[in-house]
Amino acid sequence: IQRVFMSGINSVEQMTQGHLRNVQQLAVFYTGHNNIYAINIAKVKAFIITEEVAINDTPKNTDVIAGIATIRGEPVTLVNLDAWLGHPKLELKDYKLIIYCEFNHKKVGFLIRDMLDIVEKTTEELRHSEETNSKITYTTYVKVHGKDELCTVFNAEQLLKDLGWVNDGDEVLNRYVESEFQTSKLILAAEDSGVAREVLTKFFKKANANYEIYVNGAQLLERIEELGPDGIGLIITDIEMPEADGFQVATFIKSKDEYNHIPVIVNSSMTTDAVKNKMINIGVDGFIGKTDIQALYQT
């Protein structure tokens, strides 16, 4: 793991090819108060040693923003997960690492106390928890010193919304959704994030689309088989979902002669080259960042 910290994007992608085996690989870490959290490795650009980057303590209106770090010559907003989760903040020096990610062209670094492990989990091993706590996507169990410990996969989309980085208001819709869709065919979407489902719903209503949204890939696949291929005009799928993920959805559609003419758009914050390449090989028709209204309409 230390080697990954030092060598960045390519090492992460070379080391973690879980998407090729239909498992999710999680970077498991300690927050400042030794709570065990995780993020999908496919959302990670690099692990950065905090003391090796320059950090400016810029003015901000929230304790969640810890400052701006310069990483690879670019400004990256630092987020204090402890503050967002409602826990007291530690001194900056107490956070050994930064998990460097990019969501919809916004570069963000999560301050963590230390890295624990990289683990593989099937979709069946991830318990969906967003309905009980919007800051949590999944819970699962990981081995720590030989014992099973509860691990929480935090909801990055909810964090971005709390920071005001999700553009889902009427102004954005009016700017980018210029006309209604000219089709009566049904648009089917699978999305497990409540934040993203809200954005999709507003988008579809503004475009006067005939649509249905499901909370996981398994429900979407069941509905596709109920409807048959003729009445479906478009499928939009997230990747990271319980029961059946976006890879399974895309593979089902593009591998069957009766369905493979249906366009499939991937709507995801997992935007590494490895993930995109796998989806391209499956045959999807487009890939957009989650909650990116402009890209969604243009696609």
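Our structure is the block above this text.
(A) Main features of the overall build of the chain. Looking only at helices and strands, the chain has 10 helices and 17 strands in total. Burial statistics for the chain: of 299 residues in total, 54% are counted as buried. If you take every contact in the chain between residues at least 6 apart in sequence, the share linking residues at least 24 apart comes to 63%. Just so you have it, the chain exposes about 13,600 Å², and 44% of that area is on carbon and sulfur atoms.

(B) Representation of the nonpolar core in the model. By size, the foremost hydrophobic cluster in this structure holds 28 residues, and its most contacted members are F29, I39, I99, F110, F154 and L159. Taken together, the elements giving at least two residues each to this core come down to β1 (24–30), β2 (36–40), β3 (44–49), α3 (81–84), β7 (97–103), β8 (106–112), β9 (114–121) and α4 (156–162). At 4 residues, β7 tops the list of elements feeding residues into this core. Leaving out residues up to four positions away in the same chain, F154 has contacts with F29, Y37, A38, I39, L81, W84, F110, K135, T137 and L159. Ranked by size, the runner-up nonpolar core spans 27 residues in total, among them L186, F247, M279 and V284.

(C) The arrangement of helix α6 (residues 194–206) in detail. Taking 1.5 Å as the rise per residue, α6 with 13 residues should run 18 Å; its terminal C-alpha atoms sit 18 Å apart, in good agreement. Residues of α6 that are buried: V195, A196, V199, L200, F203 and F204. Within α6, the buried residues cover an arc of 165° as seen down the axis, which keeps them to one side. Once α6 ends, the next one or two residues include N208, with phi positive near 55°.

Definitions and limits used
Residues numbered from 1 in each chain as written. Predicted model: local features only at pLDDT ≥ 70, side-chain atom pairs only at ≥ 80, totals over all residues. Heavy atoms only, no water. Helix = DSSP H or I, 4+ residues; strand = E, 2+ residues; numbered from the N terminus. Buried < 20%, exposed > 50% of the residue type's maximum accessible area, 1.4 Å probe, protein only. Contact = heavy atoms within 4.5 Å. Areas by Shrake-Rupley, 256 points an atom, 1.4 Å probe, with all protein chains shown as cover. Core = buried A, V, L, I, M, F, W, Y, C linked by side-chain atoms within 4.5 Å. Expected span 1.5 Å × (residues − 1). Arc of directions from axis to C-beta.

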